[in-house]
Amino acid sequence: WGAGLVFVILVMAILAPLISPYGSQELSRDILSGPGIDHWFGTDRRGMDIFSRTLFAPRIDLLIGLGATALAFGIGIPLGTIAGMFENEGKFGGFCSQLIMRGMDVAQAFPVFVFALAIVAVLGAGPTNVIFALAFVNIPVVVRQIRASVLVLREQPFVDAALIAGWSRLRLAFRHVLPNALGPVGSLVSVMIGFSILMTAGLSFIGAGVRLPTAEWGIMVS
């Protein structure tokens, strides 16, 4: 059922220009009208067709969800790899690992929604800034997951063999350890995309995310 619902939403977003009776920002003289033949879901206070905007809304939500997730993984994976591979490995390596993890502790010390709201307040509202804000609050989750996997893998015999063969720990981390650590992280992708979409809707609902007249589910609920 979940996969089917996601598929329907994706098809709806892709085919929105073909199946929607009106444009996502098209105005009409019918203001706050109830559901009817002309407007299946009625119209909002600006006269825009709610059904058409419901079809177009997943486009911006999915874009933000995918963008925030990709950015969080792009930053979190290298940081988590370094934190796990160099933990307790010399003064400099141990310092870098502790610095990364203490930074993640600080980021996770605040409520996620409040933290994202504060970042958007500093950067300003808009899809691009929402992507940066959501990526920032998601990075600690990726870092901790990658670090946990790397800590297990670095104890494997192939790591010792590579170090004896003269490989540097940094090269070994990204050449062999990281590819094997990505498996458990794959399950985070779908969860993080969904979480990002939910956070986008919440930020837009209170006026701190996507702004009108863009079609977005949170601002429509508001």
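Use the structure listed above.
This is a predicted model, so every value here is computed, not measured. Residue numbers here run from 1 along each chain, matching the order of that chain's written sequence. The predicted nature of this model means local features are confined to residues of pLDDT at least 70 and side-chain atom pairs, given and counted, to a pLDDT of 80 or more, with totals for whole chains, interfaces and linings taken over all residues. Side-chain calculation: all heavy atoms of the structure are included, whereas hydrogens and water are not.

Q: Is there a simple way to think about the overall build of the protein chain in this case?
A: Scanning the protein chain from N- to C-terminus turns up 10 helices and zero strands. For the protein chain, the succession of helices and strands along the chain, N to C, is α-α-α-α-α-α-α-α-α-α. The globule rule used for comparison is 2.2 Å times the number of residues to the exponent 0.38, while the radius of gyration itself is calculated over C-alpha atoms. Taking 2.2 N^0.38 as the reference for a compact globule, 222 residues should give roughly 17 Å; the C-alpha atoms of the protein chain span a radius of gyration of 22 Å, well beyond that estimate. Summarising its shape, the C-alpha atoms of the protein chain cover approximately 75 × 35 × 25 Å along the three principal directions. To sort residues, take the accessible area from a 1.4 Å probe on protein chains only and compare it with the maximum for the residue type: under 20% means buried, over 50% means exposed, and anything in between is partly exposed. The proportion of buried residues among the 222 residues of the protein chain is 41%. Pairs of residues are marked as contacts when any of their non-hydrogen atoms sit within 4.5 Å. Partitioning the contacts of the protein chain with sequence separation of at least 6, the portion at a separation of at least 24 is 67%. With an accessible surface of roughly 11,900 Å², the protein chain has 70% of that area assigned to carbon and sulfur atoms. We score Asp and Glu as negative and Lys and Arg as positive, and we do not count His or the chain ends. For the purpose of locating charges, the reference atoms are NZ of Lys, CZ of Arg, CG of Asp and CD of Glu. Positive and negative side-chain charges in the protein chain, numbering 14 and 12 respectively, have mean positions lying 10 Å apart. Per the convention used, a helix needs a DSSP run of H or I reaching at least four residues, while a strand needs a run of E reaching at least two, with both numbered from the N terminus. Accessible surface area values rest on a Shrake-Rupley calculation with a 1.4 Å probe, where residue burial reflects the displayed protein chains alone.

Q: Please explain unusual backbone geometry as it appears in this structure.
A: Across the chain, the bulk of peptide bonds are trans and the bulk of non-glycine residues have phi less than zero. Omega for the peptide link from Leu212 to Pro213 comes to 10°, which places this bond in the cis form. By the secondary structure assignment, Pro213 is in the loop between α9 (186-205) and α10 (217-221).

Q: Before we go on, may I ask you to explain the packing of helix α5 (residues 112-123) against α9 in this structure?
A: Relative orientation and spacing of two packed helices are given, respectively, by the angle between their axes and the distance between those axes. Running from N to C, α5 and α9 cross one another at 60°; their axes reach a closest spacing of 11 Å. In terms of axis orientation, α5 runs oblique to α9. Like other packed secondary-structure pairs, α5 and α9 cross with a definite hand, here right-handed. In this structure, α5 uses Val112, Phe113, Ala116, Leu117 and Val120 to contact α9, whose residues at the interface are Phe195, Met199, Gly202 and Leu203. Amino acids are sorted into nonpolar (Ala, Val, Leu, Ile, Met, Phe, Trp, Tyr, Cys and Pro), charged (Asp, Glu, Lys and Arg) and polar (every other residue, Gly among them). A per-class count over the contact of α5 with α9 returns eight nonpolar, one polar and no charged. Note on geometry: axes are lines fitted to C-alpha atoms, helical ones only across the stretch in contact, with angles between N-to-C directions running from 0 to 180 degrees. An angle counts as roughly parallel when it lies under 35 degrees, as roughly antiparallel when it exceeds 145, as roughly perpendicular when it falls between 65 and 115, and as oblique in every other case. Helix crossings fall into two classes, left-handed where the near helix is turned counterclockwise from the far one by less than a right angle and right-handed where it is turned clockwise.

Q: What's the story with the pattern of salt bridges in this structure? I'm lost.
A: A pair can form between side chains of opposite charge whenever their charged atoms are brought close. Salt bridges are defined as contacts in which a side-chain nitrogen from Lys or Arg sits within 4 Å of a carboxyl oxygen from Asp or Glu. What the rule picks out here adds up to four salt bridges. Put simply, Glu87 and Arg147 hold a salt bridge, and the shortest N to O gap is 2.8 Å. Separated by 60 residues along the polypeptide, Glu87 in the loop between α3 (50-85) and α4 (90-108) and Arg147 in helix α6 (residues 127-153) bring together distant segments of the chain. Overlapping salt bridges, with partners in common, bring together Arg102, Asp105 and Arg144 in one network.

Q: Sorry if this is basic, but what is going on with the packing of aromatic side chains here?
A: Remark: the centre distance and the inter-plane angle together describe each pair of aromatic rings, the angle taken between the planes. Each Phe, Tyr or Trp ring (for Trp, its six-membered ring) is paired with any other whose centre lies within 6.5 Å, and the angle between the two planes then decides the class: stacked below 30 degrees, edge-to-face above 60, tilted in between. Counting across every chain of the model gives four aromatic pairs. Aromatic side chains Phe115 and Phe136 sit 5.6 Å apart centroid to centroid with 70° between the ring planes, which places their arrangement in the edge-to-face category. One end of the pair, Phe115, is in helix α5; the other, Phe136, is in helix α6, and 21 residues separate them in sequence. In this analysis the charged atom, NZ for Lys or CZ for Arg, is taken to sit over a ring once it is within 6 Å of the ring centre and within 35 degrees of the ring normal. A cation sits over an aromatic face here: Arg171 above Trp167, 3.9 Å from the ring centre.

Q: Would you mind showing me how to read the side chain of Asp61 here?
A: Along the polypeptide, Asp61 turns up in helix α3. Each residue touching Asp61, except ones within four places of it in the same chain, is listed here: Ile197, Thr200, Glu216 and Trp217.

Q: Please explain the side chain of Ser196 as it appears in this structure.
A: The topology assignment puts Ser196 in helix α9. Judged by its relative accessible area of 0%, Ser196 falls in the buried class. Definition of a polar contact: a pair of N or O atoms within 3.5 Å, with one able to donate and the other able to accept a hydrogen when the atoms are protein atoms, and with sequence-neighbouring residues admitted only if both atoms are side-chain atoms. In this structure the side chain of Ser196 is engaged in a polar contact, spanning 3.3 Å, whose partner is the side chain of Asn138. Ignoring sequence-local partners within four residues, the contact set of Ser196 consists of Gly65, Ala68, Thr69, Leu134 and Asn138.

Q: Where do I start with the packing of α3 against α4 in this structure?
A: At a minimum axis separation of 8 Å, α3 and α4 run at an interaxial angle of 130°. When the axes of α3 and α4 are compared, the pair comes out oblique. The two elements α3 and α4 cross, and the hand of that crossing is left-handed. Here Leu79, Ile82 and Ala83 of α3 lie close against α4, whose contacting residues are Ser97, Ile100 and Met101. Class assignment of the residues belonging to the contact of α3 with α4 gives a composition of five nonpolar, one polar and no charged.

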